[in-house]
Amino acid sequence: MFPEQIFSAAKDVDHAFLIILGFSVFILVVVTLAMLWFLYRYNYERHPIASQNDGNVLAEIIWTVLPLVIVLGLFWTGWTSFKAMRTIPEGAMVVKAEGRMWSWKFTYDTGKTSSELFIPIDTPIKLELSARDVIHSFYIPAMRVKWDMVPGMDTDAWIESDTLGDFDIFCAEYCGLKHADMITLLRVLPAEEFQAWLEGMPEEEKDKPRGLALMEEYGCFDCHTMDGTDDVAPPLNDIANKERLIILPDGAKRTIKADAHYLKTSIMDPGAELVDGWDDEMPPYEGDLSDEDADVVVNFLLGKDESGKPLSSGPHPGEHMVKIEGCLMCHSTDGSKGRASTFKGLYGSEVSGHRFGKSSTEVVDEAYIRESIKYSSKFVVKGYVDSMPPYDDLSEETVTGIVSYIMTLGGEEHQ
Ligand code: CUA
């Protein structure tokens, strides 16, 4: 009759439900039958003249006391089952559960976090429930547990499972566009397996960039995709240094480049520089995500490693471009000297030469490389002749690709 029930303290909830349902059905049947009987017995043909009653003490006592006893009895069954679920056992293992649009975050006292709720079997767990943004409701049907999560209010609850396996966790409070997607799993493990999970790191997590792991942990992908498709928020792949039309809080529009500063602002205070065409719906992560972690996420989005160095693994898109555009006819990427200076170690180095005929020494930064590609004659490095044609007809994307590729070949100490 009932769905599976894995929380022993909530078994009384099922009893209370049955008892209340039983009484309700009983009363429905009695009232309906009485009604039908009165219709039959006291209709006009059988009973043309109504009789008058001047009160009946016994009847009044019965219809006052009987419902009172029933209602108190129903209250008692509800109260005892509620109390069992409200009384959190001493020494229960504490897990913080946070609801947010539109996913869950569970934090263990080791600091480990998870988007699914892992618990050991036959162990009382104290849940500290909270909400990040709007009201959610933490609902495990198999445990008959459903608690509202209200922003700014801390709610404690407890659970315990006597059964191994995976069980659904739903959000039971309408909380916006993707409320229906706010689903996760309760995973009940044997004690040793749970301990291993708590202390270990799953195989697939080991090679994962920390920026990506943080984005999963903080639920970025509940609204953003990494494959270029629009969700309720703009996609985040291939965002580095792209031009964005943003709206400032005063309504003014401005085109900016998605650089580290912009990306960090978008995480910490999304409303401050909102991309045109999207609603100001993302909660600010200021104070929630540490400054350091925000930098790691920004570096990940910019295609760099945790400390902001360009990733060396995998071919850089610019590597292909320098071949197609013929750069390698004169320039090398391995340090060997050709008709023009090598790209290796170029970025960040100091070069002497002539700017408009005047000798000067300059540091090779992003702007320098960009200028050298588009208008190489402006600055000619000592020892080389001014023979490179201006590449001012390259697309902005190609120039950016080549510049960033050359930057990856730069000297370590300057990046
Ligand atoms: Cu959260 Cu519905």
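For the structure, check the block above.
Residues numbered from 1 in each chain as written. Predicted model: local features only at pLDDT ≥ 70, side-chain atom pairs only at ≥ 80, totals over all residues. Heavy atoms only, no water.

**Student:** Looking at this structure, I do not really get a negative patch on the surface. What am I missing?
**Tutor:** Side chains of D269, D279, D280, E281 and E286 sit close together on the surface and give a patch of like negative charge. Position of D279 among the secondary structure elements: in the loop between β13 (274-275) and α7 (291-301). (Patch = residues over 30% accessible without salt bridge, like charges linked within 9 Å, V, L, I, M, F, W, Y side chains within 5 Å. Areas by Shrake-Rupley, 256 points an atom, 1.4 Å probe, with all protein chains shown as cover. Salt bridge = Lys/Arg side-chain N within 4 Å of Asp/Glu carboxyl O. Lys, Arg positive; Asp, Glu negative; His and termini not counted. Charge placed at Lys NZ, Arg CZ, Asp CG, Glu CD. Helix = DSSP H or I, 4+ residues; strand = E, 2+ residues; numbered from the N terminus.)

**Student:** I keep staring at the sheet that holds strand β3 (residues 113-114) and nothing clicks. Help me out?
**Tutor:** Through backbone hydrogen bonds, the strands of a sheet pair up, either in parallel or in antiparallel fashion. The five strands are arranged β3-β2-β1-β5-β8 in an open sheet whose pairing can be described as mixed. Edge positions in the open sheet fall to β3 and β8 (155-159), since each of these has one partner strand only. Pairing analysis gives five bridges linking strand β5 (residues 125-131) to β8, with the strands arranged antiparallel. Bridge pairing in β8 links I125 to I159. (Pairing = 2+ DSSP bridges.)

**Student:** Where do I start with the sheet that holds β13 in this structure?
**Tutor:** The antiparallel open sheet is built from three strands, whose spatial order is β12-β11-β13. In the strand order of this sheet, the two ends are held by β12 (253-257) and β13, each with one partner. Bridge count for strand β11 (residues 243-247) against β12 is five bridges, and the pairing is antiparallel. Opposite R244, over in β12, you have I256 as the bridge partner.

**Student:** Where do I start with the state of the cysteines in this structure?
**Tutor:** Put plainly, a disulfide is one covalent bond tying together the sulfur atoms of two cysteines. Applying the stated criterion across every chain yields a total of zero disulfides. As a non-bridged cysteine, C330 has C327 as the owner of its nearest cysteine sulfur, 9.1 Å distant. (Disulfide = S-S within 2.5 Å.)

**Student:** Help me understand the nonpolar core in this model?
**Tutor:** Buried together is how nonpolar side chains tend to be arranged in soluble globular proteins. In this structure, F106, Y108, L117, F138, M143, I159 and L186 are the most contacted members of the largest nonpolar core, which totals 42 residues. With four residues, β5 is the single largest residue contributor to this core. Setting aside its immediate chain neighbours within four residues, M143 contacts Q5, I6, F7, A10, M85, I119, I159, E160, S161 and L186. Among the nonpolar cores identified, the runner-up in size contains 24 residues, and L214, L236, A258 and L301 belong to it. (Core = buried A, V, L, I, M, F, W, Y, C linked by side-chain atoms within 4.5 Å. Buried < 20%, exposed > 50% of the residue type's maximum accessible area, 1.4 Å probe, protein only. Contact = heavy atoms within 4.5 Å.)

**Student:** I tried to follow the environment of S81 on my own but got confused; where do I start?
**Tutor:** Along the chain, S81 turns up in helix α2 (residues 57-86). Take S81: its relative accessible area is 4%, and that puts it in the buried class. C-alpha separation for the pair S81 and A9, spaced 72 residues apart in sequence, amounts to 7.6 Å. Every residue in contact with S81, bar those within four places of it in the chain, is listed here: A9, D12, V13 and A16. Here the side chain of S81 touches T77 through a polar contact of 3.1 Å, landing on its backbone oxygen. (Polar contact = N/O pair within 3.5 Å; in protein donor to acceptor, adjacent residues only side chain to side chain.)

**Student:** Please clarify how the pairing of strand β4 (residues 117-120) should be interpreted in this entry.
**Tutor:** Two faces belong to every sheet, and in a regular strand the side chains alternate between them. Residues L117 and I119 point to one face of β4 and F118 and P120 to the other, with burial holding for every one of them. When β4 meets strand β10 (residues 183-189), the two strands line up parallel, connected through four bridges. Counterpart to I119 in the pairing with β10 is V188.

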